[in-house]
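Survey of secondary and tertiary structure
Here's the letter readout for the chains.
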Amino acid sequence: MKVLVAVKRVVDSGIKVRVKPEGIDLQGVKMTINPFCEIAVEEAVRLKEKKLIAEIVAVTIGPKQGAESLRHALALGADKAIHVTTEARIDQAVQPLDVANILAKLVERDNYNLVLMGKQSIDDDFNQTGQMLAGLLDWPQATFASNIQITDGVAQVIREIDGGLQTVKFKLPGVITCDLRLNQPRFASVPNIMKAKSKPLETIPLDKLGKLHNSIQITKTEAPAVRKGGAIVENVDVLLQKLRTEAKLF
Amino acid sequence: MKKYLNSFKQIVGAQNMITDPFDLKPLNQDWQRFYQGKSELAVTPTSSKMVSEILQFCNQNNIKVVPQGGNTSFVGGATPVQDELILSLRKMNNILEFDTTTSIVTAESGVILQSMNDYLQTYRYQMPWDLGARGSCQLGGNIATNAGGLNVVRNGPLRNYILGLEVVLPNGKILDLLNKNRKDNTGTDLKQLFIGSEGTLGIITKANVLCAPIPEQRQVFFLELKGFDEAIQLLRSAKQFEQLGAFEFMEGRILQRCLPFNPQLKAPFEFKADKYYVLIEICGQQIELEYYFERLLKHTEQIVFNQNESELQAMWRWRESVPENLHKMGHVLTYDLSIPPDKFEWFAEEIYPERKGPYNAFYGHLGDGNIHYNIIFESVEEMHKEQERVEDKIIKLTKSLNGSISAEHGVGQLKRHYMEIQKGKETFGYMQELKRVFDPNNILNPEKLL
């Protein structure tokens, strides 16, 4: 069984972002694998360790530095990598439908049995790509996976939904998007990151696989409103008064 | 203390007095709950002038005073022994200025270490020392202890970074040793006496601190080694790294026991009791990973490193949570010693041959030769029974290695009775004389250090 894991390179969630009118300032900013994509890679590696899948191929779309995220995926245990190259801004111009179309092309080319990806990326929070890909391929999908079991070509996935947990079952091939509680990715080891250098990495210019239509335009980027200071009040009467006159609740 | 309440009201105002026993409770006790004071009054002055008036009054009336910062002492240095007046610096928490050319910050001694860093971050600077208690410990307390911490291997001791101090002496006089000159060779450097004096010579109220630039990049490696000698070999290599930021050591026997206390925390390894672990931080501009891969792989293949900020924090959390986790494992006797780094394991074997007996383990700033040696007991009775015997052995062994019985934690109440053995009669004698010079009535932090 062959698995395609799509990974996106995003701004490191541990650092403070700077907002500019044209978008987030990416200049000299530390970037890393999107946390949910990393969970997807880890899950693929665990499935391989359980001998349920034979080969893991990691793919990313982006500029030259994107190869670092592929190296990370290879160090975690992926076997091969595909780098779809583009100079377009990954956090703005590389949009879900275009990504889904490109991934669909790769699936058709290489015959994967399963596509694993993060449920959403932390830069745009679209949460669309996996679903669109399944639609384009006419494949079953299970999103927000918190548990994945594969037996005899059948995937059983527990999904985290608003009401609690939902279990779905489908015959592979299919698309599964991964949620936070699915697993905790391992640390990359130095020997593995060095071995990753010799694992196959295929580079494909984006226009060979698809096109970026920019059908969604970003019209404004702004930081969230600064939280106004609260106040400590003397007693409940003052609280009620402030709720009435200042917060205008009633 | 009751007869003086009105006088203190005149000096500090009722709003700067704490008399409620419930509010005094945390101030009367150290965080490890080894010591219990009986103070009935704490004052929270808001200016050096107020501190001066308090001390002048106390000196005249022979009222003993305990200066208190964040109360994070490991040695009971900041809590009353009896019913001394607690003088808390918490309200003197203003950062007065930062000189962007000289990178010197001037602040009152009640500023919390983390707050200093939050302020300095805007200028891309940080405090040159760092320790686990950063969210609670205060500038004055750090200086009075000559705090060590995690950055000593990179930046050197705290002493190097204090350019000036304002100190209120026990007689109330304000000694102005503030100075923003990087170089000043004009005779005996009095401020050095107060750094590390643990509040026994004067109360630090302001400081001029030379700050360090925030490293552009930080990279953490966590290594698993098969033997302690491998850790020493690794240390020898790491000392050649110009960008070495930190070198911390943990025995596997401690980390393995920490696993259940950090269930959600991503572990770099499945910690094993018979292995040894080292955390190396590299910081600087343009960290060339391949350079470190090559050199570290010569020591072991078991190396992981962080790919992002949250992994970096996770690796540090394993190291920093050791002290608090130890306390969850039982009753802990902890010793903060300086000995030759290559003798850590030998030392532990000498105390408990084959490491048999109560659970014992060491961890710490291997890069500075500073070992935190811990013995864990199931009950307080067992601990007290064993303490005298083992402590005597530890102190004597440390002395025989020409080591220090307190590398960074200070002396406080905990190690007072070892001072003469540690320093020798002559040196200790001079220390006591100096105490008499500044504090003839012995009102400041009595029964501590000396």
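Cut-offs and rules
The residue count restarts for each chain, going from 1 along the sequence in the order it is written. Here the convention is simple: chains get letters from A, ligands get numbers from 1, in the order in which they are written. Local features in a predicted model are, by the rule used here, given only for residues with pLDDT of at least 70; side-chain atom pairs are given and counted only at 80 or more, and totals for whole chains, interfaces and linings are based on all residues. Excluding hydrogens and water, the side-chain figures rest on all heavy atoms present in the structure. UniProt positions are given in the numbering used here, feature names are shortened, and annotations may be inferred rather than shown by experiment. Secondary structure is summarised from DSSP: a helix means a run of H or I of at least four residues, a strand means a run of E of at least two, and numbering begins at the N terminus for each. When accessible area is computed with a 1.4 Å probe and restricted to protein chains, residues below 20% of their type maximum are described as buried, those above 50% as exposed, and intermediate ones as partly exposed. For every accessible area listed, the method is Shrake-Rupley and the probe measures 1.4 Å; residues are considered covered only by the protein chains on display. Counted as positive: Lys and Arg. Counted as negative: Asp and Glu, with His and the chain ends omitted from the count. By convention, the charge on Lys lies at NZ, on Arg at CZ, on Asp at CG and on Glu at CD. What counts as a domain boundary in this text is fixed by an automatic or database domain assignment. Two residues form a contact once any of their heavy atoms are found within 4.5 Å. Each of two parts loses accessible area, computed with a 1.4 Å probe, when they are put together; buried area is these two losses added. Definition used for salt bridges: Asp or Glu carboxyl oxygen within 4 Å of a side-chain nitrogen of Lys or Arg. A 3.5 Å cut-off defines polar contacts: any pair of N or O atoms within that distance qualifies, except that in protein one atom must be a possible hydrogen donor and the other a possible acceptor, and neighbouring residues in sequence count only when both atoms are side-chain atoms. Here a strand pair is declared whenever DSSP counts at least two bridges between the two strands. To obtain an axis, a line is fitted to C-alpha atoms, over the contacting stretch when the element is a helix, and the angle between two such axes runs from 0 to 180 degrees between their N-to-C directions. Classification of ring pairs rests on two measures: the distance between centres of Phe, Tyr or Trp rings, Trp counted by its six-membered ring, which must be within 6.5 Å, and the angle between planes, read as stacked under 30 degrees, edge-to-face over 60 and tilted in between. Arc definition: directions from the helix axis to the C-beta atoms. In these notes the angle categories are as follows: under 35 degrees is roughly parallel, over 145 is roughly antiparallel, 65 to 115 is roughly perpendicular, and the rest is oblique. Crossing handedness is read from the near helix: turned anticlockwise from the far helix by less than a right angle, it gives a left-handed crossing, and turned clockwise, a right-handed one. Each residue is assigned to one class: nonpolar for Ala, Val, Leu, Ile, Met, Phe, Trp, Tyr, Cys and Pro, charged for Asp, Glu, Lys and Arg, and polar for all the others, Gly among them. Take the buried residues of types Ala, Val, Leu, Ile, Met, Phe, Trp, Tyr and Cys, join any two whose side-chain atoms come within 4.5 Å, and each joined set is a nonpolar core.

- For chain B, an unreviewed UniProt entry supplies the name FAD-binding PCMH-type domain-containing protein and the organism Paramecium tetraurelia.
- Word for word, the UniProt comment on chain B under Cofactor (unreviewed entry) is "FAD".
- Annotation of chain B in UniProt includes, under Sequence similarities (unreviewed entry), the sentence "Belongs to the FAD-binding oxidoreductase/transferase type 4 family."

- If you check an unreviewed UniProt entry, chain A appears there as Electron transfer flavoprotein subunit beta from Paramecium tetraurelia.
- Recorded in UniProt for chain A, the comment headed Function (unreviewed entry) runs: "The electron transfer flavoprotein serves as a specific electron acceptor for several dehydrogenases, including five acyl-CoA dehydrogenases, glutaryl-CoA and sarcosine dehydrogenase. It transfers the electrons to the main mitochondrial respiratory chain via ETF-ubiquinone oxidoreductase (ETF dehydrogenase)."
- In its Subcellular location (unreviewed entry) section, the UniProt record describing chain A reads: "Mitochondrion matrix".

1. Examining the overall build of chain A
- When you go through chain A residue by residue, the secondary structure sums to six helices and 14 strands.
- Taken along its principal axes, the extent of the C-alpha atoms in chain A is 70 × 40 × 40 Å.
- By the burial criterion, 46% of the 250 residues in chain A qualify as buried.
- Summing over all exposed atoms, chain A offers an accessible surface of approximately 13300 Å²; the carbon and sulfur share of this is 52%.
- Put simply, chain A has 34 plus and 29 minus side-chain charges, and the middle of one group is 3 Å from the middle of the other.

2. Regarding the domain arrangement of chain B
Residue and element names in this part refer to chain B.
- Structurally, chain B comprises domain 1 (2–88), domain 2 (95–213) and domain 3 (218–400).
- Computed from C-alpha coordinates alone, the two centres of domain 2 and domain 3 are separated by 28 Å.
- Contact residues are listed per partner, giving nine residues for domain 2 and 13 residues for domain 3.
- When domain 2 packs against domain 3, the two sides together hide about 740 Å² of surface, and 55% of this comes from carbon and sulfur.
- For domain 2, the biggest contributors to the area lost against domain 3 are L150, V153 and R154; these three give 76% of the whole.
- At the junction of domain 2 with domain 3, the criterion picks out one salt bridge.

3. Digging into the side chain of A:T60
Residues and elements named next belong to chain A.
- The residue T60 is located in strand β6 (residues 55–62) in this model.
- Residue classification places T60 among the buried positions, given a relative accessible area of 2%.
- In terms of polar contacts, T60 uses its side chain to reach the backbone carbonyl oxygen of V7, at 2.7 Å.
- Contacts of T60, omitting those with residues within four sequence positions, involve V7, K8, R9, G66, L70, I82, H83 and V84.

4. Quick word on the sheet that holds strand β3 (residues 65–68) of chain B
Residue and element names in this part refer to chain B.
- Across the sheet, four strands lie side by side as β1-β2-β4-β3; this open sheet has mixed pairing. The open sheet has two edge strands with one neighbour each: β1 (17–18) and β3.
- Two strands pair when backbone bridges link them, and β3 and strand β4 (residues 85–88) are joined in this way by four bridges, in the parallel orientation. Its bridge partner lying in β4, V65 is registered against L85.
- Relative to the sheet, helix α3 (residues 48–60) contacts β2 (42–43), β3 and β4, its axis offset from that of β4 by approximately 165 degrees.

5. Structural notes on the packing of aromatic side chains
Residue and element names in this part refer to chain B.
- For the structure on display, the rule yields 29 aromatic pairs over all chains.
- A ring pair is formed by F194 and F438, whose centres lie 5.2 Å apart and whose planes are at 65 degrees; its orientation type is edge-to-face. Of this pair, F194 sits in helix α7 (residues 191–194) while F438 sits in helix α16 (residues 425–438), placing them 244 residues apart in sequence.
- For F194, a relative accessible area of 0% puts it in the buried group.

6. Description of the interface of chain B and chain A
- Between chain B and chain A, the residue contacts involve 20 residues of the former and 19 residues of the latter.
- The contact between chain B and chain A buries some 1700 Å² in all, and 59% of this surface belongs to carbon and sulfur atoms.
- Taken as a group, B:K266, B:Q307 and B:E309 account for 33% of the area that chain B buries against chain A, more than any other trio of residues on that side.
- The interface formed by chain B and chain A contains two salt bridges.
- Residue A:R71 pairs with B:E290 through a salt bridge whose shortest N-O separation is 3.3 Å.
- Scanning the region where chain B abuts chain A turns up eight residue pairs in polar contact (both at pLDDT 80 or more).
- Counting only elements with at least two residues in the side of chain B that touches chain A, the list comes to α10 (289–297), β15 (303–305) and α11 (309–320) of chain B.
- By residue number, the principal contributor to the side of chain B that touches chain A is α11(B), which donates four residues.
- Pairing geometry for strand β13 (residues 188–189) of chain A and β15(B), over two bridges, is antiparallel. Considered in β15(B), the bridge of A:S189 is made with B:V304.

7. Let's talk about the sheet that holds strand β17 (residues 359–365) of chain B
- In space, the eight strands of this open sheet follow the order β13(A)-β15(B)-β12(B)-β14(B)-β13(B)-β17(B)-β18(B)-β16(B), with antiparallel pairing throughout. The sheet is open, and its two borders are formed by β13 of chain A together with β16 (331–338) of chain B, each paired with just one other strand.

8. Comments concerning helix α4 (residues 129–137) of chain A
All names here are of chain A.
- Inspection of α4 places T129, G130, L133, A134 and L137 among the buried residues, and these make up the whole buried set. Buried residues in α4, looked at end-on, bunch into an arc of 135 degrees, giving them a common side.
- For α4, the elements touching its buried residues are α3 (96–110), β8 (114–118), β9 (141–151) and β12 (174–178).
- One or two steps after α4, the chain reaches D138, where phi turns positive at roughly 60 degrees.

9. What about the packing of helix α1 (residues 5–12) of chain B against α3(B)?
Residues and elements named next belong to chain B.
- At a minimum axis separation of 9 Å, α1 and α3 run at an interaxial angle of 155 degrees. One finds that α1 runs roughly antiparallel with respect to α3. Once α1 is placed against α3, the crossing between them reads as right-handed. Between α1, through S7, F8, I11 and V12, and α3, the contact on the second element is made entirely by M50, E53, I54, F57 and C58.
- Partitioned by chemical class, the residues of the contact of α1 with α3 number seven nonpolar, one polar and one charged.

10. Points about the packing of helix α13 (residues 344–351) of chain B against helix α14 (residues 380–400) of chain B
All names here are of chain B.
- Viewed as axis vectors pointing N to C, α13 and α14 meet at an angle of 145 degrees, and their least axial separation amounts to 10 Å. Classified by chirality, the crossing of α14 by α13 is right-handed. Contacts from W346, F347, E350 and I351 in α13 reach R389, V390, K393, I394, L397 and T398 in α14.
- When its residues are assigned to classes, the contact of α13 with α14 shows six nonpolar, one polar and three charged.

11. A few points about the UniProt feature "domain: FAD-binding PCMH-type" (unreviewed entry) in chain B
- Here, the residues flagged by UniProt with the feature "domain: FAD-binding PCMH-type" (unreviewed entry) are residues 35–214 of chain B.
- Note that residues 35–214 of chain B is 21% helix and 24% strand, and that its end C-alpha atoms are spaced 37 Å apart.

12. Regarding the nonpolar core
- With 82 residues, the main nonpolar core has A:L116, B:F221, B:I280 and B:Y373 as its most contacted residues.
- With eight residues, helix α1 (residues 35–49) of chain A is the single largest residue contributor to this core.
- Apart from the residues within four sequence positions on either side, A:L116 is in contact with A:V3, A:L4, A:V5, A:A6, A:A40, A:E43, A:A44, A:L47, A:I148, A:I176 and A:C178.

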